[in-house]
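Okay, here's what each chain looks like letter by letter:
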Amino acid sequence: LGVALEEKYRERRPLWGEPRPLEKGWTPSSMGGGCDRLTVLGVLGYRGDEISAKLRRIFDLGSAIERLWLDRFRELGVLVDAGREITRSEPPILHGRIDARVRHPYEPGHLLVVEIKSINREGFRQLPPVTLDPEANFKALRELSGKIGDRVRGYLVQHQTYLMEDKTPEGLLLFDCKDTSEYADYYVTLEEEFVREQYARLVRLEEYRRRAAVPPCSCGKTGVFCKVRPEEEVEVSVFHSMGGLEL
């Protein structure tokens, strides 16, 4: 069984693939990366860290948890749709899919955009208390520190983008603890200024992408690619020549 699973989940993607076509723009799920350099490398074809068989099984579990929540929403009679596509045709161009839209169970015309995230027990314990105040929820999630804070801020960018582009200014950012089945559902509303800041960042990074260049590192981390002339623009071909080095 172990050998078969390792083969099934073996990493088959090359370290460098084709750049994402300009007309496809960016995806909301990739917008929240903390480093400008790594964000642009992703759309210029860099695969990122190799995904282990264990991590792929974790991804499978996350997908299963998402399907379970969709089933629950259907059983509750509140699911409006799942996988709804959102597009933005003006800069920055965006393409993405919303996990789910639900209607308020007691106010049928009241819609919310739901983003479902699975999280382990350690990360779940670090989440802030859930409140009924959307601004307090957003502020508490945005101010989380450490690795969990970096992840959650990326989720906020993704979810807020969906609220903006779907023109549905209310939503739930839902965390499911895959170790205990506990969940935390944060009611948030559109923070338009926050989203416009993210859009301005993408417009700036788009200029590098069009030149097949990589911007200076903005994260201060010690990854291999971030060590290369960290304060300068670098042609992506420089990173191609580094072969199989991983971040």
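Here the structure is shown first, and the text comes after it.
Right, let's walk through the structure included here. Given the structure is predicted, the values throughout are model-derived calculations rather than measurements. Position labels on residues start from 1 in each chain and follow its written sequence. Only residues with pLDDT of 70 or above have their local features reported here, since the model is predicted, and side-chain atom pairs are shown and tallied only from 80 upward, although totals for entire chains, interfaces and linings are computed over all residues. Derived side-chain values reflect all non-hydrogen atoms in the structure, with water molecules and hydrogen atoms excluded from consideration.

### Comments concerning the packing of helix α6 (residues 146-166) against helix α7 (residues 192-210)
Selection criterion: Throughout, an axis means a line fitted to C-alpha atoms (over the contacting stretch in the case of helices), and angles, computed between N-to-C directions, take values from 0 to 180 degrees. In DSSP terms, a helix is any run of H or I states spanning at least four residues, a strand is any run of E spanning at least two, and both are numbered starting from the N terminus. Comment on the angle field: the value is read as roughly parallel under 35 degrees, roughly antiparallel over 145, roughly perpendicular from 65 to 115, and oblique elsewhere. Two residues qualify as a contact provided that any one of their heavy atoms is within 4.5 Å of a heavy atom in the partner residue. Throughout this entry, Asp, Glu, Lys and Arg are counted as charged residues, while Ala, Val, Leu, Ile, Met, Phe, Trp, Tyr, Cys and Pro are counted as nonpolar. The remaining residues, Gly among them, count as polar.
Axis separation between α6 and α7 bottoms out at 10 Å; the angle between their running directions is 105 degrees. The angle between α6 and α7 places the two elements in the roughly perpendicular class. From α6, Leu156, Val157, Gln160, Thr161, Met164 and Glu165 reach across to α7, where they touch Glu192, Phe194, Val195, Arg196, Gln198 and Tyr199. Partitioned by chemical class, the residues of the contact of α6 with α7 number 6 nonpolar, 3 polar and 3 charged.

### Side note on the pairing of strand β5 (residues 183-189)
Going by this rule: In this analysis, strands are considered paired if DSSP registers two or more bridges between them.
One ladder, built from 7 bridges, connects strand β4 (residues 170-177) with β5; its direction is antiparallel. Looking at β5, one finds that Leu173 is bridged to Tyr186. Connecting β4 to the antiparallel partner β5 that follows it, the hairpin turn spans 5 residues, and Ser181 within it adopts a positive phi of roughly 65 degrees.

### Here we look at the packing of helix α2 (residues 36-43) against α7
For clarity, the threshold we go by: For any pair of crossing helices, the crossing counts as left-handed if the nearer helix is rotated counterclockwise from the farther one by less than a right angle, and right-handed if it is rotated clockwise.
Interhelical geometry of α2 versus α7 gives an angle of 60 degrees and a closest axis separation of 10 Å. Relative to α7, the element α2 lies oblique. The way α2 lies across α7 gives a crossing that is right-handed. Here Asp36, Thr39, Val40 and Val43 of α2 come into contact with α7, specifically with Arg201, Arg204, Leu205 and Arg209. Across the contact of α2 with α7, the residue classes break down as 3 nonpolar, 1 polar and 4 charged.

### Quick notes on the pattern of salt bridges
Our working definition: Here, a salt bridge means any Lys or Arg side-chain nitrogen found within 4 Å of an Asp or Glu carboxyl oxygen.
Taken as a whole and assessed by the stated rule, the structure comprises 22 salt bridges. Residue Arg10 is joined to Glu7 by a salt bridge in which the shortest nitrogen-to-oxygen separation is 3.2 Å. Between Asp166 and Arg101 there is a salt bridge, with the nearest N and O atoms lying 3.3 Å from each other. Of this pair, Asp166 sits in helix α6 while Arg101 sits in strand β2 (residues 94-104), and the two are 65 residues apart along the sequence. A cluster of three or more residues bridged by salt bridges with shared partners is formed by Asp81, Arg84, Arg101 and Asp166.

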